[in-house]
Every structure is written in structure tokens, then in C-alpha cells.
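Secondary and tertiary structure notes
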Number of protein chains: 2
Amino acid sequence: MNTESPAQRNTRQRSAVSSVLNEVEGFNSAQDLHARLRERGERVGLTTVYRTLQGLADAGEIDVMRPPGGEHLYRRCSQGHHHHLVCRACARAVEVEGPAVETWAEKVAAQHGFAEVSHTMEIFGTCPECAAKR
Amino acid sequence: MNTESPAQRNTRQRSAVSSVLNEVEGFNSAQDLHARLRERGERVGLTTVYRTLQGLADAGEIDVMRPPGGEHLYRRCSQGHHHHLVCRACARAVEVEGPAVETWAEKVAAQHGFAEVSHTMEIFGTCPECAAKR
DNA sequence: TCCGACAATGATAATGATTGTCAAAAGCGC
DNA sequence: GCGCTTTTGACAATCATTATCATTGTCGGA
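Residues numbered from 1 in each chain as written. Chains lettered and ligands numbered in written order. Predicted model: local features only at pLDDT ≥ 70, side-chain atom pairs only at ≥ 80, totals over all residues. Heavy atoms only, no water.

Looking at an unreviewed UniProt entry, chain A carries the name Fur family transcriptional regulator, with the source organism given as Paractinoplanes globisporus. Under the UniProt heading Sequence similarities (unreviewed entry), the note attached to chain A is "Belongs to the Fur family." According to the UniProt record, the Subcellular location (unreviewed entry) comment for chain A reads "Cytoplasm". (UniProt positions renumbered as here; feature names shortened; annotations may be inferred.)

Structure below.
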């Protein structure tokens, strides 16, 4: 058993999914991405889209957000760890960084003896545009 | 139109749900709580449990967590806003406070002009006990 | 105390995203 | 090119949550 990942094959579908993720902006649901692929003429099964996204998420290549709405949203993000400021109304998302938060999370976890720490954080609000509309 | 909540009625079911929440520890799913109510002999419909929990959550009286597992978990928490440090393996949860995080979240949101800000944060890790078992 | 309006309940069906299944179809090392 | 293995994908299954809607229980006023 080795720590490499030799059993990873390059397939048309996998790069297709990866490719759409590069083109779209913001967060998209799995079903959304699947629809986009079909429009492009790429034949990819919905099941595969789910699997691929899950894989990418595990590998840390994409970000997953679980909004109160229900569906999981995926997005190709800048490499570094960061968080999101999401508009409740229009779903526009802004990437924000918070070194302080990272440090804090790790410190707190350490205090309690927790290891392999990760964390998720989403900030919800109403963006200026949507606030103005009301 | 007033800011009071006059159209809120006290029902047996509502206090039953509230009561179980006081007795249990840690997070429980809606279905879990429903099962507990039945054991106690309280006849409360599953639908009502969901509705009541939602109401309490909206009112800020209970906390909702959405772990990657799928179900929503509810818990009566200390009043103040706080976050959770959850063990990946045994689901043990520790309440933690982070004034710095609150401030940071609001600051960031304000910088982008966002209003009515709220946020969610969960820290996941492996607690000392579970880490030792492996 | 009684009454009537209306919120609340709850059994059941519906929803809908995600996961499981498994035979068929590609990749990759040789 | 060959064969072993992973991957794919159509479809069924799962399962928490929500919608429906007729019935029931509350509560404020008469």
C-alpha cells in the first residue's frame, strides 16, 4: 500500500466536469453542472457528475457549500483556504479570507485536544443591490 | 402590523417538543426527537415536530447544525451565539465561543456592504478519545 | 361560560436530491 | 494488441423533508 494515487484514470467525463467548473462562475449544483454539460453536447451521466464532484471535493480541488436551501453547491476556488460571503437574495458570493479565523479554529481545537481539524464557515447577508431593491 | 407575535398559540405538542429538548444532551435529529416523544407516550406527529423545530430555530431558541451526513441536527443551546467543535468519529460536540469570529464576520460583511448578517461555522476534528482508539 | 375564527395538528402523499446497483465500456501497463 | 481494473451510466432505491387538507384545539371576546 502506498500513499500515491496510481489508480486514477483520465477519462473524457472527468475532464469535462473539470472543464465546466473552470468556465462557470459562482456556485453550481451538481444538477446544474450536469445540465450545462448536456448543453455543450458532452454526454456525461448524472451519477458520474456526482461521483466526480465528490472526488474533486475530497481532493480539495473544489469547494462545497451546503446552503440552507438543500442542494450542495460546488465551485472551483482559489487554492488557498477561504470562506464565503453569500447574498441571501441573489446568491452572489464573495470570497473572503480570514487568517484570524483559521488560527482561532485551530487554537480552540487544540485546546480541546482535537486533531485533524477542518472547518466550514459561511456568512449570509443581503448584498447592497438586493437591499436597495426592497 | 405589530412586532409582537400574537398569533402564536400554546399547544401540548409544542411544549412537549420543547421539553424533550431540555432533557436530551447533544444534537438530535428531528426523527430522533420524534421517536423519543413516542417512547414517552406523547403523541406528536412527525410533521409537527419538524414544524416546531423550525419555529424554534427561527426564533433562535435552538441551534441547527447540518453535518455532511445529511440530516439536520437540533439542540437547545446556551442563549448566546456560539459555535461547535464536533468530533468526526463520535459526534461529541463542544460548545465554543469566538468573539473574534463574530466581529470579523460582521466587519467583512460591512466592508462589502452586506446587511442583516448571520453566519454559521462548524469545526470538525477527531477528539482525543477517538484518536487514541485508532 | 360559550362561541366562532383561525392557527395548529397530523396522516399521508409528494418531492427531489443523492446514493446504490451492476452490466457494459473504456484506460493503462505490459 | 490483450487483459485486468477502474469507470461509467441508466435506472431503481433511499430517505429526510415538505406539501396537502380535513379535522381539532386555542383563545379572545361576547
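1. Notes on the interface of chain A and chain B
Tallying the contact residues gives 37 residues for chain A and 37 residues for chain B. A per-residue breakdown of the area chain A buries against chain B is headed by Arg66(A), Trp104(A) and Phe114(A), which together make up 24% of the total. Across the chain A-chain B interface, the total number found is zero salt bridges. Where chain A packs against chain B, one counts five residue pairs in polar contact (both at pLDDT 80 or more). With 12 residues, the top contributor of residues to the side of chain A that touches chain B is strand 6 (residues 115–126) of chain A. Among the residues forming the side of chain A that touches chain B, the class breakdown is 20 nonpolar, 10 polar and seven charged. As paired elements, strand 6 of chain A and strand 6 (residues 115–126) of chain B share nine bridges and run antiparallel to each other. By the bridge assignment for strand 6 of chain B, Ile123(A) is matched with His119(B). (Contact = heavy atoms within 4.5 Å. Buried area = accessible area lost by both parts, 1.4 Å probe. Salt bridge = Lys/Arg side-chain N within 4 Å of Asp/Glu carboxyl O. Polar contact = N/O pair within 3.5 Å; in protein donor to acceptor, adjacent residues only side chain to side chain. Helix = DSSP H or I, 4+ residues; strand = E, 2+ residues; numbered from the N terminus. Nonpolar A, V, L, I, M, F, W, Y, C, P; charged D, E, K, R; others polar. Pairing = 2+ DSSP bridges.)

2. Quick notes on the relation of the copies chain A and chain B
Between the two copies, chain A and chain B, the superposition gives an RMSD of 0.2 Å; the rotation angle is 180 degrees and the shift along the axis is 0.0 Å. Those values place the two copies in the arrangement expected of a two-fold rotation axis. Across chain A, the rotation axis passes nearest the C-alpha of Met121(A), at a separation of 2.2 Å. In this assembly the copies share their binding face: 100% of the residues contributing to the interface of chain A also contribute to that of chain B. (Least-squares fit on C-alpha atoms with pLDDT ≥ 70 in both.)

3. Description of the packing of helix 2 (residues 30–39) of chain A against helix 3 (residues 46–58) of chain A
Residue and element names in this part refer to chain A. Where helix 2 contacts helix 3, the two axes come as close as 9 Å, and the packing angle between them is 125 degrees. As summarised for this structure, helix 2 and helix 3 are arranged oblique, according to the angle between their axes. For the pair helix 2 and helix 3, the crossing hand works out as right-handed. Contacts between helix 2 and helix 3 involve Ala30, Gln31, Leu33, His34 and Leu37 on the former and, on the latter, Leu46, Val49, Tyr50 and Leu53. Split by residue class, the contact of helix 2 with helix 3 holds seven nonpolar, two polar and no charged. (Axes fitted to C-alpha atoms, helices over the stretch in contact; angles between N-to-C directions. Parallel < 35°, antiparallel > 145°, perpendicular 65-115°, else oblique. Left-handed = near helix turned anticlockwise from the far one by under 90°.)

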